[in-house]
Amino acid sequence: MRKLIVGALVAVQIATGIGAAWAEPYPHRTVTLVTHSSPGGGSDVFLRQLVKYLSRQIDATFVVENVQGGSGAKAMARLANSPPDGSIFYATTPTYIYTSLLSSSATSYKDLQPVVNFFTDSEVVYTAASSPYQTLADVIEHARNERGRWGAANPASLERQAAEQLKAAAGVKAAVVSHEGGGDMMINVLNGTLDIGVGEVPELRSQIESGQIRLLATFNPGRLAAFPDVPTVKESGYDVVLQKFRGLAAPKGLPDDIAAIWDRAAKTTLDDPEYRKAYEEESLIANFIGHESYPQFVTDFADKTAGFLRASGVIQ
């Protein structure tokens, strides 16, 4: 049976180009990529798309593992207690910064080693196509009159902060309801339990294409190339601009030679024409940051975030 499975994998690799001759040798046959996201959530979609093309550059089999709970705390603990040998990585987003700052979990972002960043991701406000809200102004007006219900990912997410900042900028008292993942939140938007949700285009793609949801605005600094008719939150009258980073971190102590493999693989993967077409359709912006610079990037983001949370009275 093992021979049959291996043979089938080889056949798939030959047919797809995965595991091609130019893939760089790697010290592990299997690499686990951990995410705190639920299946169908933003980080889950990011990883599952990434590995289709990453395997062309690194000669290994990639497995995506969903470790939910504690707004990312369980996933961080999974990494912190793993060997720093290049066999396991964690999908970094602002969530692991917010979780570290807002909770008393034993593991924080400081216990992980940022390795490489791939993208800047755009946050969007969306509603069900069947909802009465045609614009962001409609949503704000409803929240002003009847106190709306807005959805966001887990409490320590950038989406949650985006919703809270929009609420403050608009001067309304909408209830912001947190979820463990984008998939769970979308269900409640579609069934009308929530007026809007805050999420990313990749996790909304199939619902956008099927006409189930309507995009109302983006927190991006400018309009999204793929959705030129969708205004920014700022041009809608609310001075809130936010973007999400997407990369990988490892257990502390990852050797420089393994980190360098990921630098080379990330650059080449982002330049892959097929992958570029796929991620640009999802409104992802390539933003390569290598292992020598990524730790400082994450530290700067964490310091800025902590400053905002202190100024807002959220943390001391």
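Right above here is the structure, for reference.
Cut-offs and rules
- Residues numbered from 1 in each chain as written.
- Predicted model: local features only at pLDDT ≥ 70, side-chain atom pairs only at ≥ 80, totals over all residues.
- Heavy atoms only, no water.
- Helix = DSSP H or I, 4+ residues; strand = E, 2+ residues; numbered from the N terminus.
- Buried < 20%, exposed > 50% of the residue type's maximum accessible area, 1.4 Å probe, protein only.
- Contact = heavy atoms within 4.5 Å.
- Areas by Shrake-Rupley, 256 points an atom, 1.4 Å probe, with all protein chains shown as cover.
- Lys, Arg positive; Asp, Glu negative; His and termini not counted.
- Charge placed at Lys NZ, Arg CZ, Asp CG, Glu CD.
- Polar contact = N/O pair within 3.5 Å; in protein donor to acceptor, adjacent residues only side chain to side chain.
- 1 Å grid on protein atoms, 1.4 Å probe; cavity = no way out; pocket = protein on both sides within 12 Å on 5 of 7 lines; lining within 4 Å.
- Points joined across faces, edges and corners; volume = space filled by probe spheres on them.
- Nonpolar A, V, L, I, M, F, W, Y, C, P; charged D, E, K, R; others polar.
- Core = buried A, V, L, I, M, F, W, Y, C linked by side-chain atoms within 4.5 Å.

### Some remarks on the overall build of the chain
Moving on, step 1. Regarding its fold elements, the chain presents 11 helices and 10 strands.
Moving on, step 2. Counting only residues that meet the buried cut, the chain has 55% of its 316 residues in that class.
Moving on, step 3. Of all intrachain contacts in the chain linking residues separated by at least 6 positions in sequence, the fraction that spans at least 24 positions is 77%.
Moving on, step 4. For the chain, the exposed area adds up to about 13600 Å²; of that, 53% sits on carbon and sulfur atoms.
Moving on, step 5. Placing the 28 positive and 34 negative side-chain charges of the chain at their respective mean positions leaves the two points 3 Å apart.

### Remarks on the side chain of His291
Moving on, step 1. Structurally, His291 can be placed in the loop between strand S10 (285-289) and helix H11 (294-311).
Moving on, step 2. Of the polar contacts made by the side chain of His291, one reaches the side chain of Asp263; its length is 2.6 Å.
Moving on, step 3. Among residues more than four places away in sequence, those in contact with His291 are Pro114, Val115, Asp256, Ala259, Ala260 and Asp263.

### So, the layout of surface pockets
Moving on, step 1. Approximately 340 Å³ is the volume found for the largest pocket.
Moving on, step 2. If you go around the largest pocket, you meet 14 residues; those closest to its centre are Val241, Leu242, Phe301, Lys304 and Thr305.
Moving on, step 3. Every element with two or more residues in the lining of the largest pocket is listed here: strand S9 (243-251) and H11.
Moving on, step 4. Take the lining of the largest pocket: its biggest share by element is five residues, from H11.
Moving on, step 5. Looking at side-chain class alone, the lining of the largest pocket contains seven nonpolar, five polar and two charged residues.

### Regarding the nonpolar core
Moving on, step 1. Within the largest apolar cluster, 33 residues are counted, with the highest numbers of intra-cluster contacts made by Tyr26, Ile58, Phe62, Phe89, Phe118 and Trp262.
Moving on, step 2. Elements supplying a minimum of two residues to this core: strand S1 (30-35), helix H2 (42-54), strand S2 (61-66), strand S3 (88-92), strand S4 (112-128), S9, helix H9 (256-271) and helix H10 (273-281).
Moving on, step 3. When near neighbours in sequence (up to four residues on either side) are disregarded, Phe62 contacts Val31, Leu33, Val51, Leu54, Ser55 and Trp262.

Coordinates in, geometry out; function isn't part of it.
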